[in-house]
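Descriptive structure summary
So the chains spell out like this:
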Amino acid sequence: MRNNVKVSGRAGGQVMLFAHGFGCDQNMWRFVAPAFEDDFRVVTFDHVGAGGSDLASYDPQRYSTLQGYADDVLEICRKLDLRDVVFVGHSVSAMIGLLADLAAPGLFAKQVLIGPSPRYINDGTYVGGFEPEDIDELLESLDSNYLGWSSAMAPVIMGNSDRPELGAELTDSFCRTDPEIARAFARVTFTSDNRADLAKVSTPTLVLQCTDDVIAPVAVGRYVHDHLPDSSLVMLTASGHCPNLSAPAETIDAIAEFVRS
Amino acid sequence: MVSREAANEAFYRALLDDDPEKLYEQAPCGYLSTTPDGSIVKVNTTFLTWTGYSREDLVGVRSFVDLLTPGGRIYHETHYAPMLRMQGTVREIALEIVASDGRRLPVLLNAALGRDPDGNPVAVRVAVFDASERREYERELLRTKQRAEVSEARATALARTLQQTLIPPALPAIPDLEVAAVYRPAGTGAEVGGDFYDVFQIGTGDWVVALGDVCGKGAEAAVVTALARYTLRAIAVRVSDPSQMLHELNDAVLRHDTERYCTVALLRLRQSNDGWTVTMSLGGHPSPLLVRAGHPPTGWGEPGSLVGVFESATYADSALRLDHGDALLLYTDGVTEGRRGNEFFGEDRLRLSVTAHAGSATSLTDGVVADVLEFQNGMPRDDIALVALRVPTAAVPLTASRERYSPTS
């Protein structure tokens with residue numbers, strides 16, 4: 001399957017589907033997902049273009065909107081016959097999950113959104129945190145950091161789909177992919193606007209917000225919480241955009257309390 | 001002259017002068033230490049000099065990520081920080097530090113995550129290298145690469161367009177004869193190939209079929225391909241024998257200002273009462289395979305000279321009759337010389353493939369090209385062109401149209 005889906009945890013348990021954000025791959029869940037394996041059937045995957053996904057399946061047209069990524073989430077659920085899913089989306093995958101939820105109402109029993117942002121670019125009185133030129137700067141940043149990428153490297157990384165552990169020798173591909181794909185995903189992510197979709201979501205949702213997140217500031221987390229009809233907001237003491245890496249225990253506790261309630 | 005003793009003394013003096021504190025503060029790179037979540041706890045003088053901040057501006061006040069451009073912050077949070085956390089180190093990260101006066105300083109960063117004995121992250125140590133000139137050079141490289149990619153895409157599009165003009169856009173439908181053709185350029189098709197074919201009508205029940213291979217590839221080969229194709233069409237109007245046509249083509253290519261030459265299999269097909277009479281001449285080209293029910297495929301035709309090499313070329317005509325169920329397969333050497341390692345696809349494999357796919361003209365061309373491609377893992381080293389001609393097995397239902405195409409001679 002092109003999404004490099006991994007299934008672990010308790011057979012027959014409720015499904016917990018983890019979706020990683022822009023930048024890296026499903027290894028982002030390495031410190032969090034295992035904590036749920038005793039009680040849940042844990043499913044992780046790589047978005048097409050990331051990690052061990054099939055880069056050859058990357059279709060610029062399909063992935064020119066977040067809906068394309070949401071369709072992949074639905075396809076994974078369909079192929080694995082997943083129901084009553086607890087969806088856990090980090091960063092841009094929060095909105096990808098939201099779009100999947102709207103396309104297939106009832107598929108998700110609950111949603112956990114970690115560091116969500118319905119729009120990254122400021123718009124009138126709405127503060128997303130970024131100006132359009134900041135996104136151009138990000139694309140430039142990607143370009144200058146992918147200088148080491150050569151087409152000769154691609155097959156090595158593509159062949160690296162089965163990585164049980166992140167050892168020293170394979171970490172070169174963590175957070176690295178074809179620069180064209182990285183650019184396109186960055187553009188789709190940071191120019192997306194899903195503010196209007198928030199109100200349509202009726203699934204019980206937990207918003208996890210870090211105290212000092214430069215990508216999804218506290219005000220944005222509050223905005224998401226305020227506009228989702230059935231949501232709770234938990235402020236983490238962790239700072240940064242990736243509490244799943246920097247504060248796994250706190251993240252696990254918050255998710256556990258929500259899913260077991 | 002400096003004595004060895006004096007040199008030693010100077011060396012030790014310099015060493016004493018470079019105590020650890022100075023080594024840190026005045027190192028030729030910036031140093032920063034932060035907590036695992038990025039708060040700056042220690043910074044060296046070099047970094048402060050480069051950026052114009054005071055120690056009080058930074059230590060205990062700012063996070064490392066605050067010093068980056070907004071775009072750089074996203075990169076930091078989505079790539080740098082996760083990699084550092086998972087791998088323990090990151091190297092050669094290109095970012096821009098915003099100096100105290102707003103100036104942007106392009107830097108390269110190496111960072112290492114320090115852990116306590118239990119493995120918990122306790123500190124991040126960052127070495128900062130001024131990369132202003134390098135970044136400008138890299139930008140130039142990047143621009144050059146982008147220009148090269150645009151040019152390459154254009155060249156490929158041009159090659160594809162040109163290629164399409166060298167083979168018929170669609171094969172004409174010939175009553176009472178199945179005709180099928182396949183053309184597969186070498187590699188990714190980014191270059192114009194040298195193989196060509198053509199099928200055109202002279203009169204009622206009177207057709208010419210040509211298949212050829214110009215030596216080489218690219219624009220210069222395309223010139224000869226076009227020359228051969230259009231010259232044959234012109235000659236066919238007044239010359240009837242394929243061998244005579246090849247003589248004239250040979251003269252035309254020799255007169256043309258090119259080093260290139262080609263091979264051609266040239267056929268004239270005339271419909272007779274119940275079947276077709278084929279006259280063929282070969283100009284340095286592999287013999288087509290004659291496929292008849294109950295017989296193994298056999299090569300057919302008299303060899304002749306390469307076209308465009310010799311003034312005194314010799315070409316001979318061969319003739320045969322194609323009855324119901326008979327087929328001829330014309331091919332270029334890209335088929336038999338398809339390679340896997342040191343092994344060629346070869347004539348034996350070709351004959352087996354032909355026998356396996358002999359059902360119709362289309363199954364012949366499609367089946368053979370599929371076998372040749374599979375043999376080469378889908379990436380042919382040379383152009384492949386195939387034309388199959390086959391007289392349908394059963395009586396053709398359209399008797400009316402058959403009468404219209406009564407034999408001419």
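What comes next concerns the included structure. Fair warning: this is a prediction, and the values are worked out from it, not measured in the lab. (Residues numbered from 1 in each chain as written. Chains lettered and ligands numbered in written order. Predicted model: local features only at pLDDT ≥ 70, side-chain atom pairs only at ≥ 80, totals over all residues.)

Thoughts on the interface of chain B and chain A
The partner chain A presents 29 residues to the 26 residues of chain B that form the contact. For the side of chain B that touches chain A, the secondary structure elements donating two or more residues are helix H5 (70-87), strand E3 (89-98) and helix H6 (132-166) of chain B. The biggest single contributor to the side of chain B that touches chain A is H5 of chain B, with 15 residues. Per-class residue counts for the side of chain B that touches chain A are 13 nonpolar, 7 polar and 6 charged. (Contact = placed C-beta atoms within 7 Å. Helix = DSSP H or I, 4+ residues; strand = E, 2+ residues; numbered from the N terminus. Nonpolar A, V, L, I, M, F, W, Y, C, P; charged D, E, K, R; others polar.)

A closer look at the sheet that holds strand E11 (residues 289-291) of chain B
Residues and elements named next belong to chain B. Ordered in space as E6-E17-E14-E11-E12, the 5 strands form an open sheet in which the pairing is antiparallel. Edge positions in the sheet fall to strand E6 (178-184) and strand E12 (298-299), since each has one partner strand and no second. Relative to E12, E11 runs antiparallel, the two being bridged by 2 bridges. The partner of Leu-289 across the bridge, within E12, is Gly-299. Against the sheet, helix H11 (residues 361-375) contacts E6, strand E14 (327-331) and strand E17 (384-390), and its axis sits at roughly 20° relative to E6. (Pairing = 2+ DSSP bridges. Axes fitted to C-alpha atoms, helices over the stretch in contact; angles between N-to-C directions.)

Brief notes about the pairing of E14 of chain B
Residues and elements named next belong to chain B. A large share of E14 lies buried, amounting to 5 of its 5 residues. Residues of E14 alternate between two faces, with Ala-327, Leu-329 and Tyr-331 on one and Leu-328 and Leu-330 on the opposite face, all of them buried. In the sheet, E11 pairs with E14 via 3 bridges, with the strands oriented antiparallel. Within E14, the residue paired with Leu-289 across the bridge is Leu-329. Here E14 runs beside E17; their pairing, made up of 5 bridges, is antiparallel. Within E17, the residue paired with Ala-327 across the bridge is Arg-390. (Buried ≥ 20, exposed ≤ 12 C-beta atoms within 10 Å, placed from the backbone.)

Quick notes on the nonpolar core
Within the largest apolar cluster, 102 residues are counted, with the highest numbers of intra-cluster contacts made by Met-16, Leu-17, Val-88, Ile-96 and Val-112 of chain A. A total of 7 residues in this core trace back to one element, the largest contributor, which is helix H2 (residues 92-103) of chain A. When residues no more than four places from it in sequence are discounted, the contact partners of Met-16 of chain A are Phe-36, Phe-40, Val-42, Val-43, Val-86 and Val-88 of chain A. Among the nonpolar cores identified, the runner-up in size contains 67 residues, and Ile-167, Tyr-197, Leu-269 and Val-391 of chain B belong to it. (Core = buried A, V, L, I, M, F, W, Y, C linked by C-beta atoms within 7 Å.)

Interpretation in functional terms is not warranted from these geometric data alone.
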